[in-house]
Amino acid sequence: MVSRTGRLKVLAIVLAGGEGKRLMPLTADRAKPAVPFGGSYRLIDFALSNIVNSGCLKVVVLTQYKSHSLDAHITRTWRMSNLLGNYVAPVPAQQRMGKHWFAGSADAIYQSLNLVHDEKPDIIVVVGADHVYRMDFSQMIDQHIETKAGVTVAAIRQPLSLADQFGVIEVDDADPRRIGAFLEKPKSAKGLPDAPDEVLASMGNYVFDADVLERAVREDSDLEDSAHDMGGDIVPAFVNRGEGYVYDFKDNDIPGATDRDRGYWRDVGTIDSYYDAHMDLVSVHPIFNLYNDRWPIYTNYGSPPPAKFVHGSHDRVGHAVGSAVSPGVVISGATVADSVISPRVHVHSFSNVSRSVLLDNVEVGRSCQIHRAIIDKGVRVPSGVNIGIDHEEDRARGFTITDSGLVVVGKGTVIEG
C-alpha cells in the first residue's frame, strides 16, 4: 500500500455467492467465481490477485451457491502468512441474522458483520469475484480518503452507445469525482464532460470507511422494499445524499502494463463474453496480457508435467499456433489453433481444434473437428466426432448453442461415438 493508507487497517470483502445463470451450463455444478478461465485459473483468482497485489492482505470471501469447488480452490491456493496475521478465508452463508440465506450482496455483508467486528478495520474494500482485469486498489483507497467520500465506486469508460448495458455513473458538473446520478442500464445517458461520447460504467468495486458501511447495511436491512443490493440500493442512497464519489479506472496505474492491455476489464457474465475474453488472450499481442510478472495473477493447479507435442511425420504433426497451452497437455499428431487449452487435455492424432476453449482433462479422440466450442472438464470426445461444424448435429447431441453459434459441452456430458 502507498504511504497514506499504510497506517490504516484494510479488510477486503469479496462477494462470491453469485449463481451465474447466464453462464449455464458452466455453472450447473459450480459457483460462477469458480469457473475455470485462461487455462490454469479460476475467475476468482483475478479479484484475489488484484487485492493482494494492492497490499490488502486480510480478505474474506462470502460464498453461497454451489460453493464446494470454490471453497476448495481458495483453501488449497490462497494461504497467507499466519505469522503476520494475513489470510484469505472463504465464509459460507451462515443464517446469522435469521433463517434465510443471503438476499442480496448488501445482505451478505450485513449477515457477515461479525467478520468486521473481529477485524476492526478502518477501510473496507468490497469487490466482485467474476471479472477479468488488473487493478491497484491502493490508488482507489487514496482517493477515497482524500475526498472523504461516503462510498467510492470504481468505474470504467465505455462508449455512450453501450450505456444501456451497464450501471451508469453520471458525474456532478461542478466536481467530476462526485457522482451526480447512478442509473441502471439507462436508455439515454449523458456523456462525460471531457468525453461526450463516453460514459462511466460501474465495475462493481467499492471502498467504504468501515463504520459507514456497517451503518448503511444495517439501515438497508430494515427496508422492506429494498433488494438489499450494493449497486441497486446502497450506492444510490449515498448518491442521493451527495456522498457518492467515482474512481475513474483510466487513472489506475499498473506496473508492467502495456498500451494494449492498460485499462482492460471484462464482465464475463455470459457464455459469449466468457469466450470473447479467452480470445483476447491468444492474439500475438494479447489484449489482456497474462505474462505481466510485475502484477502476477496467482493460482494453483497442482503439479502436472510439461506440455508435450508428439509425432512429426508430414501428415501427422502435433503442433499449436496462436494458442495458450497449459502444463500437462499432450497434443499428439493434432493441430490446435487460436485456442485456450487447460491442464491435462489430450488431443489425439489427425484432430483439429480451432478457436475453442478446452477445460481440464478433456480428451479429444482421433480425427475430430472442433471449432468455436467450449468443452467443460473431463468430457471425452470419441474419435470421428465433430463439434461446432454442424449445429443440427450439435443440437441432436444435446449441446448448448448460443445465438452467436458458439457450442458449449457441459461437464459430465457423455458423447456417443
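All values derive from a computational prediction rather than experimental measurement. Numbers given for residues are sequential positions, taken from 1 along each chain in its written order. This being a predicted model, a pLDDT of at least 70 is required before a residue's local features are given, and a value of 80 or more before pairs of side-chain atoms are given or counted; all residues contribute to the totals for chains, interfaces and linings. Water and hydrogen atoms were dropped before computing side-chain values, which therefore reflect all heavy atoms in the structure.

Q: Quick question: what am I supposed to make of the overall build of the protein chain here?
A: Only DSSP runs of H or I with at least four residues qualify as helices, and only runs of E with at least two residues qualify as strands; both kinds are numbered from the N terminus onward. A tally of regular secondary structure across the protein chain gives 10 helices and 31 strands. The C-alpha extent of the protein chain, read off along each of the three principal axes, is 70 × 50 × 40 Å. The classification of residues rests on relative accessible area computed with a 1.4 Å probe and restricted to protein chains. Under 20% of the type maximum is buried, over 50% is exposed, and intermediate values are partly exposed. The burial tally for the protein chain puts 55% of its 417 residues in the buried class. When checking whether two residues touch, look at their non-hydrogen atoms; a contact exists if any pair is within 4.5 Å. Sequence-distant contacts in the protein chain: of pairs separated by 6 or more residues, those separated by 24 or more amount to 60%. For the purpose of charge, His is not counted, nor are the chain termini; Lys and Arg are scored as positive and Asp and Glu as negative. Working definition for charges: the position is that of NZ of Lys, CZ of Arg, CG of Asp or CD of Glu. Of the charged side chains in the protein chain, 42 are positive and 53 negative; the average position of the first set lies 6 Å away from that of the second.

Q: Whenever I open this one, helix 6 (residues 137-147) confuses me. Can you help?
A: Side chains three or four residues apart in an α-helix point the same way, a direct result of the helix having 3.6 residues per turn. Helix 6 sits mainly inside the fold: nine of its 11 residues count as buried. Within helix 6 the residues assigned to the buried category are F137, S138, Q139, M140, I141, D142, Q143, H144 and T147. Phi turns positive, to about 55°, at K148, one or two residues after helix 6.

Q: What should I look at first to understand the confidence of the model for the protein chain in this one?
A: In regions of low pLDDT, the predicted coordinates are not meant to be interpreted in detail. Overall, the predicted model of the protein chain reaches an average pLDDT of 91, with 97% of residues at or above 70. Contacts of residues 1-5 to residues separated by more than four positions or lying in other chains number 16 contacts, the stretch itself having pLDDT below 50. A residue's pLDDT is the predictor's confidence in that residue, given on a scale from 0 to 100.

Q: It is not clear to me how the nonpolar core should be interpreted in this structure. Could you clarify?
A: In summary, soluble globular proteins display a tendency toward joint burial of nonpolar side chains. Only buried Ala, Val, Leu, Ile, Met, Phe, Trp, Tyr and Cys residues count toward a nonpolar core, and they belong to the same one when joined by side-chain atoms within 4.5 Å. Core analysis: the largest hydrophobic core is formed by 40 residues, its most contacted members being L62, I109, F208 and M230. In this structure M230 touches L15, S105, A106, I109, Y206, F208, L213, V235 and P236, once residues within four positions along its chain are discounted. Judged by nonpolar contacts, the second largest core, of 39 residues, contains A12, A34, A47 and A201.

Q: Can you help me understand the sheet that holds strand 17 (residues 319-321) in this one?
A: The strands making up a sheet associate through hydrogen bonds between their backbones, and the pairing can be parallel or antiparallel. The strand order 17-20-23-26-29 describes an open sheet built from five strands, whose pairing is parallel. Edge strands, defined here as strands with exactly one partner in the open sheet, are strand 17 and strand 29 (386-387). Strands were regarded as paired on the criterion that DSSP finds at least two bridges between them.

Q: What's the story with the sheet that holds strand 22 (residues 346-347) in this structure? I'm lost.
A: The strand order 14-19-22-25-28 describes an open sheet built from five strands, whose pairing is parallel. Because the sheet does not close on itself, it has two edges, and the strands there are strand 14 (308-310) and strand 28 (380-381). Judged from the three bridges that link them, strand 14 and strand 19 (residues 330-332) form a sheet pairing that is parallel. Residue pairing in the sheet places F309 in a bridge with I331 of strand 19.

Q: Which parts of the structure should I look at to understand the pairing of strand 12 (residues 244-248)?
A: Remark: a regular strand shows side chains that alternate across the two faces of the sheet. Most of strand 12 sits inside the fold, with five of its five residues counted as buried. The pairing of strand 8 (residues 151-159) with strand 12 spans five bridges and is classified as parallel. The residue bridging V151 from the neighbouring strand is G244, located in strand 12.

Q: What exactly am I supposed to notice about the environment of K148 here?
A: Mapped onto the elements of the fold, K148 is located in the loop between helix 6 and strand 8. On the basis of relative accessible area, K148 is assigned to the exposed category, the value being 73%. Considered as a pair, K148 and G412 are 264 residues apart in the sequence and their alpha carbons are 51 Å apart.

Q: Would you take a moment to explain the packing of aromatic side chains for this structure?
A: Here a ring pair, both rings aromatic, is described through the centre-centre distance and the interplanar angle of the planes. The criterion for an aromatic pair is that two Phe, Tyr or Trp rings (for Trp, the six-membered ring) have centres within 6.5 Å, with stacked assigned to planes under 30 degrees apart, edge-to-face to planes over 60 apart and tilted to the rest. Applying the stated rule across the entire model yields eight aromatic pairs. Summarising the aromatic geometry, the rings of Y41 and F46 are spaced 5.6 Å apart at their centres and angled 55° between planes, so their arrangement reads as tilted. When sorted by exposure, Y41 lands in the same class as F46, which is buried. Judged by centre distance (4.9 Å) and plane angle (35°), the rings of Y264 and F288 are tilted.

Q: Got a minute to help me understand unusual backbone geometry in this structure?
A: Backbone phi values are negative for most residues with the exception of glycine, while trans is the configuration of most peptide bonds. Put simply, M24 and P25 share a cis peptide bond, and its omega is 5°. Position of P25 among the secondary structure elements: in the loop between strand 1 (10-16) and strand 2 (36-37). Unusually for a residue other than glycine, N361 sits at a positive phi of about 65°. Tracing the sequence through the fold places N361 in the loop between strand 24 (357-358) and strand 25 (363-364). Here N361 falls in the partly exposed class, since its relative accessible area comes to 36%.

Q: Would you take a moment to explain helix 2 (residues 44-53) for this structure?
A: Judged by how many residues are buried, helix 2 sits mostly within the fold: nine of 10 residues are covered. Looking at helix 2, one finds that the buried residues are I44, D45, F46, A47, L48, S49, N50, I51 and V52. Just past helix 2, the residue G55 takes up positive phi, approximately 90°.

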